[in-house]
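Below, each chain spelled out in residue letters.
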Amino acid sequence: MDRVSATSLESFAKHAIEAFGADAETAEIVASSLVTADLVGHTSHGCVRLPYYAEQVEGGAVDPTAAPVVESAGEFDQLAGNSAFGQLTGHRAVELLVDGAREHGIGVAGIRDSGHLGRIGEWAERVVEEGFLFVSWVNLQGGSHRIAPPGTAARRLGTNPVTFGVPTFGALPFPLVFDAATSQVAHGKIIERDGSDERLPDAWTITESGDPVERAADFEDGAGALLPLGGRESGYKGFGLAVVAELFAAIVGDGPVATQERQGWAGNGGAFIALDPSSFTSPEDIRTRVESLAAHLRSAEPIGDEPVLLPGEPEHRTAVERRADGIPVEANVGAELRALATHYDLVSELPPSLG
């Protein structure tokens, strides 16, 4: 497995996105978002997505020259993604949320027709850094079905992530952020394995026979479905979260929901909320609460070697390690990036360890 520096990987990603037709500012925002995902360990939302984005641009699903449009202003906003890169929409949504929370105590951004919004945890982190609470629900506007309802193997919903963020005001060296798909894993975890011989974990998927899908390539060709979070035993919980996320995102974003088996993909919809906690308590009291809760949870004696880690802590630890030692790139992902570089005449821009 190759390791690449974040700087060199971001430089390559920026050149690639410019080659897709984006301007330098757009390319910088998208590339930074992708590499940030790689840094914190969520490589399923990192530069592995570059070939996927290239396909979307070439197929007309994403317009690399477009920008999201704000359709209302105030504490309640709606953003039309306008088929732009989703990272632009996420970036603009954060600006609106922070402005709304500062002025009104609450900021709400409904999103529709966005490109892939990337790692939603990034947007939570940005809001939390400003001292605000964050919550979001995201859907795939009726397309890209991946999750099967419990007791079936039929794809009916997207992976519909739910995300929460809590500012700690210095109590911890990282933000408290919970960001998870409502399926057993994010679809990107399967994309990462496409092209490799690695068998998919049995707990991820289901087919009509009740057996799992063995290979990523078969899943990408339409075999089986992702189990909802909770799997075969308690998947009704993840399925319930997925249904709620589908509706929250569609209602606040004023976008579509899943109604057809093959509805097509029209981008992400979302409901993002930022809340000023100072309307209810003080930063000092929040810091005390976080410190006390963290100490209580960490006092639990581990059964094995792994310590108790709080939401956001694994990402923090991974980022520290990867900034020092580089970002690991799986062999099949490296091969895809080299193929992309060849196609767009960017071989000279590849990180040395990938070239």
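So, here's what we can say about the structure. Remember, predicted model here, so these are calculated numbers, not experimental data. (Residues numbered from 1 in each chain as written. Predicted model: local features only at pLDDT ≥ 70, side-chain atom pairs only at ≥ 80, totals over all residues. Heavy atoms only, no water.)

Here's the deal with the sheet that holds strand β2 (residues 69-70)
Stage number 1. Spatial ordering of the open sheet is given by β2-β3-β4-β10-β5-β6-β7, a layout of seven strands whose pairing is mixed. The strands lining the two open edges of the sheet, one partner per strand, are β2 and β7 (176-180).
Stage number 2. Summarising the sheet, strand β4 (residues 106-114) and strand β10 (residues 268-275) pair through seven bridges and their orientation is antiparallel. Bridged to A109 within β10 is F272.
Stage number 3. Packing of helix α4 (residues 86-104) onto the sheet brings it into contact with β2, β3 (76-80), β4, β5 (133-139) and β10, and relative to β4 it is tilted by some 160 degrees. (Pairing = 2+ DSSP bridges. Helix = DSSP H or I, 4+ residues; strand = E, 2+ residues; numbered from the N terminus. Contact = heavy atoms within 4.5 Å. Axes fitted to C-alpha atoms, helices over the stretch in contact; angles between N-to-C directions.)

Details of the environment of L157
Stage number 1. Note that L157 resides in the loop between β5 and β6 (162-166).
Stage number 2. Residues L157 and E246 lie 89 residues apart in sequence; the distance between their C-alpha atoms is 8.0 Å.
Stage number 3. L157 has contacts with S144, H145, R146, I147, F239, A242, V243, E246 and A258, leaving out every residue within four places of it along the chain.

Some remarks on the pairing of β5
Remember that side chains alternate between the two faces of the sheet whenever the strand is regular.
Stage number 1. Where burial is concerned, most of β5 is hidden: six out of the seven residues are buried.
Stage number 2. Looking at chain direction, β5 and β10 are connected through seven bridges and run antiparallel. By the bridge assignment for β10, L133 is matched with L275. (Buried < 20%, exposed > 50% of the residue type's maximum accessible area, 1.4 Å probe, protein only.)

Things to note about the pattern of salt bridges
Stage number 1. In this structure the tally under the stated criterion is 12 salt bridges.
Stage number 2. For E122, the salt bridge identified is with R126, shortest N-O distance 3.1 Å. In this pair, E122 and R126 both sit in helix α5 (residues 120-129), four residues apart, roughly one turn of the helix.
Stage number 3. The class of E122 is buried, set by a relative accessible area of 4%.
Stage number 4. We note a salt bridge from R199 to D202, for which the minimum N-O separation is 3.1 Å.
Stage number 5. What emerges from the salt-bridge pattern is a single network uniting R199, D202 and E214. (Salt bridge = Lys/Arg side-chain N within 4 Å of Asp/Glu carboxyl O.)

Notes on the packing of aromatic side chains
Stage number 1. Under the defined criterion, the tally for this structure stands at five aromatic pairs.
Stage number 2. Taking 5.5 Å as the distance between ring centres and 75 degrees as the angle between the ring planes, the aromatic pair formed by F134 and F272 counts as edge-to-face. Placement of F134 in strand β5 and of F272 in strand β10 is noted, with a sequence separation of 138 residues between them. Each member of the pair F134 and F272 is classed as buried.
Stage number 3. Pairwise contacts between aromatic rings join Y52, Y53 and F85 into one cluster. (Phe/Tyr/Trp six-rings, centres within 6.5 Å; stacked < 30°, edge-to-face > 60°.)

Notes on unusual backbone geometry
Stage number 1. You will see that N82, though not glycine, has its phi angle at about 60 degrees, which is positive.
Stage number 2. Relative to the helices and strands, N82 is located in the loop between β3 and α4.
Stage number 3. Of note in this structure, S144 is not a glycine but carries a positive phi near 50 degrees.
Stage number 4. With respect to the helices and strands, the residue S144 is situated in the loop between β5 and β6.

Focus on α5
Stage number 1. For α5, the buried fraction is high: eight of the 10 residues fall into the buried class.
Stage number 2. Just downstream of α5 lies G131, where phi reads positive at about 90 degrees.

Considering the packing of helix α2 (residues 24-39) against α4
Stage number 1. Axis separation between α2 and α4 bottoms out at 9 Å; the angle between their running directions is 90 degrees. In terms of their interaxial angle, α2 and α4 are classed as roughly perpendicular. Contacts between α2 and α4 involve T26, I29, V30, S33 and L34 from the first element and Q87, L88 and H91 from the second. (Parallel < 35°, antiparallel > 145°, perpendicular 65-115°, else oblique.)

Description of the nonpolar core
Stage number 1. Counting 37 residues, the largest nonpolar core has F12, I17, F20, L50, F85 and L340 as the members making the most contacts within it.
Stage number 2. Of all elements in the fold, only α1 (6-19), α2, α3 (50-59), β11 (327-329) and α11 (331-343) reach the threshold of two or more residues within this core.
Stage number 3. Setting aside anything within four residues of it in sequence, one finds F85 in contact with I17, F20, A22, T26, V30, Y53, V57, V62, D63 and P64. (Core = buried A, V, L, I, M, F, W, Y, C linked by side-chain atoms within 4.5 Å.)

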